[in-house]
Amino acid sequence: MRTTFLRLGRLYRAVGEPERTSQFLRIVAAGGMDGVGLRLQLASLAFSQEKWGKGFGEIVQAFKQAAAWVGRIGKKILRGMRKPFRLAYEF
């Protein structure tokens, strides 16, 4: 269902209707397919419509998601680095 809204959003963007495009892309974001690329597309649409507040809000959301992604990757890397030293922690 979410991919249907994503396709509709892309279709309306190709046709040139930014208002409907942003509506469908927001539905996709609310449905869970929320990513940095999608947020940057929404920011681009908002800036093209001169909706500066919404555009900057979408950029902030994109940075939050990027920071969370980096945090998850960092945890995985650090977890892997600690494994050889677990025996040393037991003493």
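Novice: An account of the packing of helix H2 (residues 18-31) against helix H3 (residues 36-48) is needed here, citing residue identities and associated values.
Specialist: Running from amino to carboxyl end, H2 crosses H3 at an angle of 155°, the nearest separation of the two axes being 10 Å. Relative to H3, the element H2 lies roughly antiparallel. For H2 against H3, the interelement crossing comes out left-handed. Residues Pro18, Thr21, Ser22, Leu25, Arg26, Val28 and Ala29 of H2 form the contact with H3, whose participating residues are Leu38, Arg39, Gln41, Leu42 and Leu45. The residue inventory of the contact of H2 with H3, partitioned by class, reads 7 nonpolar, 3 polar and 2 charged.

Novice: I'd like to hear about the packing of aromatic side chains, residue by residue, with values.
Specialist: The geometry of an aromatic ring pair is captured by two quantities: the separation of the ring centres and the angle between the planes. Applying the stated criterion to the full structure yields 4 aromatic pairs. On the numbers, 5.5 Å between centres and 5° between planes, the contact of Tyr12 with Phe24 is stacked. Of this pair, Tyr12 sits in helix H1 (residues 2-15) while Phe24 sits in helix H2, and the two are 12 residues apart along the sequence. On the accessibility criterion, Tyr12 (19% relative accessible area) is buried. Arranged with centres 5.1 Å apart and planes meeting at 70°, the rings of Phe47 and Phe56 form a pair that is edge-to-face. Exposure remark for Phe47: the relative accessible area of 24% places this residue in the partly exposed category. For Phe56, a relative accessible area of 51% gives the class exposed. An aromatic cluster is built from Phe5, Tyr12 and Phe24, whose rings are joined through pairwise contacts.

Here is what the cut-offs are and how they apply
- Residues numbered from 1 in each chain as written.
- Predicted model: local features only at pLDDT ≥ 70, side-chain atom pairs only at ≥ 80, totals over all residues.
- Heavy atoms only, no water.
- Axes fitted to C-alpha atoms, helices over the stretch in contact; angles between N-to-C directions.
- Helix = DSSP H or I, 4+ residues; strand = E, 2+ residues; numbered from the N terminus.
- Parallel < 35°, antiparallel > 145°, perpendicular 65-115°, else oblique.
- Left-handed = near helix turned anticlockwise from the far one by under 90°.
- Contact = heavy atoms within 4.5 Å.
- Nonpolar A, V, L, I, M, F, W, Y, C, P; charged D, E, K, R; others polar.
- Phe/Tyr/Trp six-rings, centres within 6.5 Å; stacked < 30°, edge-to-face > 60°.
- Buried < 20%, exposed > 50% of the residue type's maximum accessible area, 1.4 Å probe, protein only.

By themselves, these are just geometric observations and shouldn't be taken as functional.
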